[in-house]
Amino acid sequence: MFRKMSLALAATLIMAGAAWADPIEGNWKTQAGDTAAISGSGSFSITLKTGKYAGKTIGSLKPAGDNKYAGNITDPASDKTYSGKATLSGASLKMSGCVLGGLICKSQTWHKL
């Protein structure tokens, strides 16, 4: 009986941990069609999982308000790093990187897998 209770408690804690995960965490389909994984706690790392630059870390974000994140985004082709931000809306994540204090920006929308 103790073993069954322990297994039930463990299953409950695992499910609760998944519910506490930040919604930005997980695998995302980039606009280019590659898969990017966002993981972490408090500070989130973005790593490409598929495509020409698979394995490359391309960003670091921290929460900046309700469903908003800010940090750095790296272009994997040029290795240039930009001031970045992300806004989460349902299963879509709008990513943008800017230079010159936000004067010039590029953005794209990713979709949760």
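None of these values were measured; they are calculated from a predicted model.

Caption draft 1: The arrangement of the overall build of the protein in detail. On a plain count of helices and strands, the protein comes out with 1 helix and 8 strands. Sequence-ordered secondary structure for the protein, helices as α and strands as β, is α-β-β-β-β-β-β-β-β. Put simply, the protein has 113 residues, and 24% of those count as buried. Taking the contacts inside the protein whose residues are at least 6 apart along the sequence as the reference set, 22% of them involve residues at least 24 apart. Of the roughly 7400 Å² of accessible surface on the protein, 59% is carried by carbon and sulfur atoms.

Caption draft 2: Inspection of the pattern of salt bridges at higher detail. For the structure shown, the criterion picks out 1 salt bridge. A salt bridge links Lys56 to Asp79, with the nearest nitrogen and oxygen atoms 2.7 Å apart. With Lys56 in the loop between strand S3 (44-48) and strand S4 (57-63) and Asp79 in the loop between strand S5 (68-74) and strand S6 (81-89), the pair connects residues that are 23 residues apart, well separated along the chain.

Caption draft 3: Main features of the state of the cysteines. For the structure shown, the criterion picks out 1 disulfide. A sulfur-sulfur separation of 2.1 Å characterises the disulfide bridge that pairs Cys98 with Cys105. Every disulfide takes its handedness from the sign of the S-S torsion; for Cys98 and Cys105 that torsion is 110°, giving right-handed. The buried category is assigned to Cys98, whose relative accessible area is 13%.

Caption draft 4: Region of interest: the confidence of the model for the protein. Mean pLDDT over the protein works out to 85, with 81% of the residues at or above the 70 mark. For the stretch residues 5-19, pLDDT sits under 50, and the model shows 0 contacts to residues farther than four places along the chain or on other chains.

Caption draft 5: Examining the pairing of S5 more closely. Where S4 meets S5, 5 bridges bridge the pair, whose relative direction is antiparallel. Of the residues in S5, the one forming a bridge with Leu61 is Gly71. Between the end of S4 and the start of S5, which pair antiparallel, lie 4 residues, with Gly65 showing a positive phi angle near 130°. Pairing of S5 with S6, which is carried by 7 bridges, proceeds in the antiparallel orientation. Residue pairing in the sheet places Asn72 in a bridge with Ser83 of S6. In this structure, the hairpin formed by S5 and S6 is closed by a connection of 6 residues, where Asp79 is found at a positive phi of approximately 65°.

Each value, and the rule that gives it
Residues numbered from 1 in each chain as written. Predicted model: local features only at pLDDT ≥ 70, side-chain atom pairs only at ≥ 80, totals over all residues. Heavy atoms only, no water. Helix = DSSP H or I, 4+ residues; strand = E, 2+ residues; numbered from the N terminus. Buried < 20%, exposed > 50% of the residue type's maximum accessible area, 1.4 Å probe, protein only. Contact = heavy atoms within 4.5 Å. Areas by Shrake-Rupley, 256 points an atom, 1.4 Å probe, with all protein chains shown as cover. Salt bridge = Lys/Arg side-chain N within 4 Å of Asp/Glu carboxyl O. Disulfide = S-S within 2.5 Å. pLDDT = per-residue confidence, 0-100. Pairing = 2+ DSSP bridges.

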